[in-house]
Amino acid sequence: MAYEKELDAAKKAASLAARLCQKVQKALLQSDVQSKSDKSPVTVADYGSQAVVSLLLQRELISEPFSLVAEEDSADLRKEGSQDIIERITKLVNDTLATEDPLKPIDSTLSTDDILRAIDCGTSEGGPNGRHWVLDPIDGTKGFLRGDQYAVALGLLEEGKVVLGVLACPNLPLASIAGNDNKNKNSSSSEEKGCLFYATIGSGTYMQPLDSRSEPVKVHVSSVENPEDASFFESFEGAHSLHDLSSSIANKLGVKAPPVRIDSQAKYGALSRGDGAIYLRFPHKGYREKIWDHVAGAIVVTGNNNIINITIYRICECECNIWFCLWDAEAGGIVTDAGGKALDFSKGKYLDLDTGIIVANEKIMPLLLKAVRDSIAEQENASSL
Ligand SMILES: Nc1ncnc2c1ncn2[C@@H]1O[C@H](COP(=O)(O)O)[C@@H](OP(=O)(O)O)[C@H]1O
Ligand SMILES: [Mg+2]
Ligand SMILES: [Mg+2]
Ligand SMILES: [Mg+2]
């Protein structure tokens, strides 16, 4: 299998980083004294997770050049007054790495400088040439703080295309979340939780328990053809996506189920196993999407059809405005911007998008594109009045 060595390293790195995050989230939720506005737990977990992934990938893929585009950098940690927080991160990273293989003797304890350097390995700019790892050490920081969904999201770009993705979702139930109410989807409950999703180009998407207690299973997106039977996912945070616009699109499609609002790229993971059929993400004007918020999720949900070329033909210029879409896709989901264009991860840290990001299976996508176009046009007309 292509990228086998890289996938093993990525799964190990994301799982270990997730273990670090789980430890911090548990302490955070148990602490009565933690004030809601205190962001330090998430800060410690964010940096700690980034350091673990950076160190693990470099150690496991020692003979390869290493480039990492990651969300965090150490600038704030190097400011005066941050010594205490760096020491907390360093201890957490050392403790986490020591759990990797309890029988293996620990070579040496990492210093605060080692940790800062590991974090700063993530300052690559990415781009269209060569290989770049892409990391969101905690995606869904707001969910993490609430005790809800979050993900460690790690992907690999080769010549600007996503070739591998791993999503560790510590709070996502192993069983489908379809049909539960929104509260259950986001909050902790007693059911078994912790999913690791992964995909490499041409090999499909798999899911296994985060603690590896059972074998991976191949997953598929929903095969629902009638949008009336589909349910759609969107951000929990209204500030991250226009819920009104999603609701207008869902109405046009005839979707009956209420929106499923969850944090982070756990949405892509849940969609990849068919828990829902549509993902709608429409940031407020001016927001620029970052590649680490979508690289891993995009390949996980597209599975074995990562190379998607979509041609949209307008076959009728009259009022009925029928569009015909043709994609070069085998199976799995389709991820595009609001105009139907495949996401381009080759432009550096940012995605250059038309309005938003949408995901659906190939049966629903043509209808979805039309509903998106019509809803956006209506919204523009209303605001110009
Ligand atoms: N105003 C905004 N609009 C859209 N996305 C935003 C946003 N502010 C932050 N985000 C991004 O939304 C991500 C979370 O996605 P979701 O809404 O699906 O949970 C955040 O990732 P981080 O939590 O890693 O910072 C952040 O990058
Ligand atoms: Mg993120
Ligand atoms: Mg993040
Ligand atoms: Mg962030």
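Residues numbered from 1 in each chain as written. Chains lettered and ligands numbered in written order. Predicted model: local features only at pLDDT ≥ 70, side-chain atom pairs only at ≥ 80, totals over all residues.

Q: Mind showing me how you'd approach the site of ligand 1 here?
A: Lining the immediate environment of ligand 1, one finds 18 residues, of which Thr141, Ser235, His240, Asp263 and Pro283 sit closest. Among the secondary structure elements, those contributing two or more residues to the shell around ligand 1 are β2 (131–139) and α5 (141–146). For the shell around ligand 1, the element with the highest residue contribution is β2, accounting for 3 residues. (Near = placed C-beta within 6 Å. Helix = DSSP H or I, 4+ residues; strand = E, 2+ residues; numbered from the N terminus.)

Q: In this structure, what is going on with the nonpolar core? I would like to understand it.
A: If you look at the biggest cluster of nonpolar residues, it comprises 109 residues, and the most contacted ones within it are Ala13, Val52, Leu154 and Ile278. The biggest single contributor to this core is helix α1 (residues 4–30), with 11 residues. Beyond its immediate chain neighbours, meaning those up to four positions away, Ile278 contacts Ala230, Phe232, Phe233, Val359, Ala360, Ile364 and Leu368. (Core = buried A, V, L, I, M, F, W, Y, C linked by C-beta atoms within 7 Å. Buried ≥ 20, exposed ≤ 12 C-beta atoms within 10 Å, placed from the backbone. Contact = placed C-beta atoms within 7 Å.)

Q: Would you explain the sheet that holds strand β8 (residues 232–234) in this entry?
A: Neighbouring strands of a sheet are bound in pairs by backbone hydrogen bonds; such pairs are parallel or else antiparallel. Read across the sheet, 5 strands follow the order β9-β8-β10-β14-β13 without closing on themselves; strand pairing throughout is mixed. Across the chains shown, the open sheet's two edge strands, defined by having one partner strand only, are β9 (260–261) and β13 (333–337). Here 3 bridges tie strand β10 (residues 278–281) to strand β14 (residues 357–361), and the two strands are oriented antiparallel to one another. Paired with Leu280 across the bridge in β14 is Ile358. (Pairing = 2+ DSSP bridges.)

Q: Looking at this structure, how should I read the pairing of strand β5 (residues 193–200)?
A: The side chains of a regular strand alternate, residue by residue, between the two faces of the sheet. Of all 8 residues making up β5, 7 are buried, and the element is well covered by its neighbours. The pairing of β5 with strand β6 (residues 204–209) spans 6 bridges and is antiparallel. If you follow Cys195 over to β6, its bridge partner there is Pro209. As consecutive antiparallel partners, β5 and β6 are separated by 3 residues, and within that stretch Gly202 has a phi angle of approximately 85°, a positive value.

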